[in-house]
Amino acid sequence: DYLVGSVHFLNNWGFDNEEFIGIYKNININDAWIEYLESISNMAQSGLFDIVGHFDLFKIFNNPPNKSLKNNIIKTLESIKDNNMVLEINSAGFRKNIGEMYPSKEILELVFTLDIPITFSSDAHNPNQVGFKRDECKAIAKDIGFKKVASFKDRKIEFYDF
């Protein structure tokens, strides 16, 4: 019914894998964020996917984007909008070191301003994670002003009140 696209690698570096966490101390984090955001834009422009998964996953090990990257983030979000994609609110970040959803509330406010549709995911890797922190994610989205959630049937978008 839908295809989720997400970025987990920068070149050969699986940046969200604890096995490769040592690489963080040898990189310029802002440059890596820019490369990550450009990868998401490229994915959006491919036309292959319906949903962008865990938009700011690169923050996973407590490396949130610097405020100086706001224009890069907006440019990436505009690429998502221009390609008629939906952005996923993913609760898995609450289970990780970062301790917050993907994307952050600050980025989600930009998503709302740009009128990009949202959907929800718990990114469950086992049955007891299904629906994890669902109510918290919905409450944050409602607080920002979202009223509808996107769903798909045969890759066609449908909207529902939540």
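Think of each chain on its own: its residues are numbered from 1, step by step along the sequence as written. The predicted nature of this model means local features are confined to residues of pLDDT at least 70 and side-chain atom pairs, given and counted, to a pLDDT of 80 or more, with totals for whole chains, interfaces and linings taken over all residues. Think of the side-chain values as coming from all heavy atoms in the structure, minus any hydrogens and water.

This part takes up the packing of aromatic side chains. Stacked, edge-to-face and tilted are the three classes for Phe, Tyr and Trp ring pairs, Trp counted by its six-membered ring, which pair at centre distances within 6.5 Å; planes under 30 degrees apart are stacked, over 60 edge-to-face, the rest tilted. Summed over all chains, the structure comprises 13 aromatic pairs. A centroid spacing of 6.2 Å and a plane angle of 70 degrees characterise the contact between W13 and F15, whose relative ring orientation is edge-to-face. For the pair W13 and F15, one class covers both residues: buried. Counting as a charge over the ring demands two things of the Lys NZ or Arg CZ atom: a distance within 6 Å of the ring centre and an angle within 35 degrees of the ring normal. A cation sits over an aromatic face here: K133 above F94, 5.5 Å from the ring centre. Accessibility here uses a 1.4 Å probe with only protein chains present; expressed as a share of the type maximum, an area under 20% marks a residue as buried, one over 50% as exposed, and anything in between as partly exposed.

Contact geometry of helix α2 (residues 70-82) with helix α3 (residues 105-113) gives a least axis separation of 10 Å together with a crossing angle of 45 degrees. Between α2 and α3, the angle falls in the class oblique. The crossing of α2 and α3 is right-handed. For the pair α2 and α3, contact is made by K70, I73, I74 and L77 and by I107, L110 and V111, respectively. In this analysis an axis means a line fitted to C-alpha atoms, helices contributing only their contacting stretch, and an angle means the value between N-to-C directions, from 0 to 180 degrees. Helix and strand assignments come from DSSP, with helices taken as H or I runs of at least 4 residues and strands as E runs of at least 2, each series counted from the N terminus. By the definition adopted for this analysis, an angle is roughly parallel if under 35 degrees, roughly antiparallel if over 145, roughly perpendicular if from 65 to 115, and oblique otherwise. In this scheme the handedness of a crossing depends on how the near helix is turned from the far one: anticlockwise by less than a right angle means left-handed, clockwise means right-handed. Any two residues whose heavy atoms approach within 4.5 Å at even a single point are treated as in contact.

Time to look at the pairing of strand β3 (residues 86-90). The buried count for β3 comes to 5 of 5 residues, which makes it a mostly enclosed element. Both strand β2 (residues 51-52) and β3 contribute to a ladder of 2 bridges, which runs parallel. In the sheet register, V52 faces β3, and the bridge partner there is L87. Note on handedness: a crossover is taken as right-handed if, strands pointing away from the viewer, the path from the first strand over the helix to the second is clockwise. In this region the chain leaves β2, passes through α2 and returns to the parallel neighbour β3; the handedness of that crossover is right-handed. Between any two strands, at least two bridges found by DSSP are needed for them to pair. The pairing of β3 with strand β4 (residues 118-121) spans 4 bridges and is classified as parallel. Note that in β4 the partner of N90 across the bridge is S121. Taken together, β3, α3 and β4 form a β-α-β motif whose crossover is right-handed.

Turning our attention to the nonpolar core. By convention a nonpolar core is built from buried Ala, Val, Leu, Ile, Met, Phe, Trp, Tyr and Cys residues, the set being connected through side-chain atoms within 4.5 Å. Formed by 42 residues in total, the largest nonpolar core has its most connected members in F15, Y36, F55, F58, L77, I80 and V111. Contributing elements (two or more residues each) for this core: α1 (29-45), α2, β3, α3 and α4 (134-144). Among the elements that line this core, the one with the most residues is α1, at 7 residues. The contact partners of Y36, leaving out residues within four places of it in the chain, are V7, L10, F15, H54, F55, D56, L57 and F58.

Checked against the element boundaries, N72 lands in helix α2. Sequence separation between N72 and V130 is 58 residues; the distance between their C-alpha atoms is 32 Å. If we skip the residues at most four places from it in the chain, N72 touches I34 and L37.

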